[in-house]
Amino acid sequence: MSLRTDMQIISEWIEPGSRVLDLGCGDGTLLHHLQTHQQVSGYGLEIETQHIIECVASGVNVLQMDVDAGLSDFDEDSFDYVIMTQALQATRHPDKLLDEILRVGREGIVTFPNFGHWRSRLHLLMGHMPVTAALPSEWYNTENIHLCTLIDFERLCKDRGIKILKRTVVDHRHRSSIGMRILPNLLGEIAIYRFQRK
């Protein structure tokens, strides 16, 4: 099975043989790929029972946990990388979760929808909350409770003493373009960040 572009980018950032914790790992696709192709070890955390069944079926070590409850079950520096794809914006306290990610991991990698994308801005200009391919839910039934732009996320990292190592953006089909590299906050729909403590 081929990986989505965002997951492929993440897999290229991870050193072979690393210890990885994947928060909100879904069906375990990324962690299974990393285990198979890069000999990583680690766990996925997931809350949905169906996803846990899928992880177990594909040989991914998974724990049923709510990341909003924190990562207190893990010691400091337990992992080389802690990953969270497309879920940071759905947590109650993303700022505290970033601290937890960097307590248990040497580096963190997160992806999230960019609220600064031009389509979102256009929807707001027209007076309503955005509904786009990257943000498909209506305001009243969305899981996204803390949306942000690339600038917002980078400001939070600066305020929390977090050093951004790499950043890239893709569209909702997980493709990149030269325009996104030139104007990432305007043209990127999904942000991908790699970071560590300063």
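For the structure itself, consult the block above.
Below, the structure is looked at part by part. Keep in mind the model is a prediction, meaning the values are calculated, not measured.

Along the backbone of the protein chain there are eight helices and seven strands. Radius of gyration (C-alpha) of the protein chain: 16 Å, near the 16 Å computed for a compact globule of 198 residues. Here the C-alpha coordinates of the protein chain stretch approximately 45 × 35 × 35 Å along the principal axes. Considering only contacts in the protein chain between residues 6 or more positions apart, those separated by 24 or more positions represent 65%. Of the roughly 10,100 Å² of accessible surface on the protein chain, a fraction of 52% belongs to carbon and sulfur atoms. Across the protein chain, 20 positive and 26 negative side-chain charges occur, with their mean positions spaced 9 Å apart.

Attention shifts here to the sheet that holds strand E1 (residues 19-23). If you trace the seven strands from one edge of the open sheet to the other, you get E3-E2-E1-E4-E5-E7-E6, paired in mixed fashion. One side of each edge strand has no neighbouring strand; the edge strands of this open sheet are strand E3 (62-64) and strand E6 (162-170). When the angles between neighbouring strand axes are averaged without regard to direction, this sheet yields 15 degrees. Note: strand E4 (residues 79-85) against strand E5 (residues 105-113), six bridges, orientation parallel. Across the sheet, Phe79 pairs through a bridge with Gly105, a residue of E5. In the packing of helix H1 (residues 5-13) onto the sheet, the strands contacted are E4, E5, E6 and strand E7 (190-197), and the crossing angle to E7 comes to about 20 degrees. Sitting on the sheet, helix H3 (residues 49-57) is in contact with strand E2 (41-46) and E3, with an inclination near 160 degrees to E3.

In this structure, Leu23, Ile101, Val110, Phe153 and Phe195 are the most contacted members of the largest nonpolar core, which totals 29 residues. Elements supplying a minimum of two residues to this core: E1, E4, helix H4 (94-104), E5, helix H6 (150-159), E6 and E7. The leading source of residues in this core is H4, at five residues. Aside from chain neighbours lying at most four places away, what touches Phe195 is Leu98, Ile101, Leu102, Glu107, Gly108, Ile109, Val110, Phe153, Ile162, Lys163, Ile164 and Leu165. Among the nonpolar cores identified, the runner-up in size contains 22 residues, and Val20, Ile52, Cys55 and Ile83 belong to it.

Under the counting rule described, the total for this entry stands at six aromatic pairs. Note on Phe112 and Tyr193: the rings are 5.8 Å apart at their centroids and 5 degrees apart in plane angle, and the pair reads as stacked. Here Phe112 is found in strand E5, whereas its partner Tyr193 is found in strand E7, with 81 residues between them in sequence. The two residues Phe112 and Tyr193 agree in class, both being buried. Between Trp139 and Tyr140, the ring centres sit 5.7 Å apart and the planes meet at 90 degrees, which makes this aromatic pair edge-to-face. Trp139 gets classed as exposed once you look at its relative accessible area, which sits at 62%. Of the aromatic side chains, those joined through ring pairs into one cluster are Phe112, Phe153, Tyr193 and Phe195.

Definitions and limits used
Residues numbered from 1 in each chain as written. Predicted model: local features only at pLDDT ≥ 70, side-chain atom pairs only at ≥ 80, totals over all residues. Heavy atoms only, no water. Helix = DSSP H or I, 4+ residues; strand = E, 2+ residues; numbered from the N terminus. Rg over C-alpha atoms; globule rule 2.2 N^0.38 Å. Contact = heavy atoms within 4.5 Å. Areas by Shrake-Rupley, 256 points an atom, 1.4 Å probe, with all protein chains shown as cover. Lys, Arg positive; Asp, Glu negative; His and termini not counted. Charge placed at Lys NZ, Arg CZ, Asp CG, Glu CD. Pairing = 2+ DSSP bridges. Axes fitted to C-alpha atoms, helices over the stretch in contact; angles between N-to-C directions. Core = buried A, V, L, I, M, F, W, Y, C linked by side-chain atoms within 4.5 Å. Buried < 20%, exposed > 50% of the residue type's maximum accessible area, 1.4 Å probe, protein only. Phe/Tyr/Trp six-rings, centres within 6.5 Å; stacked < 30°, edge-to-face > 60°.

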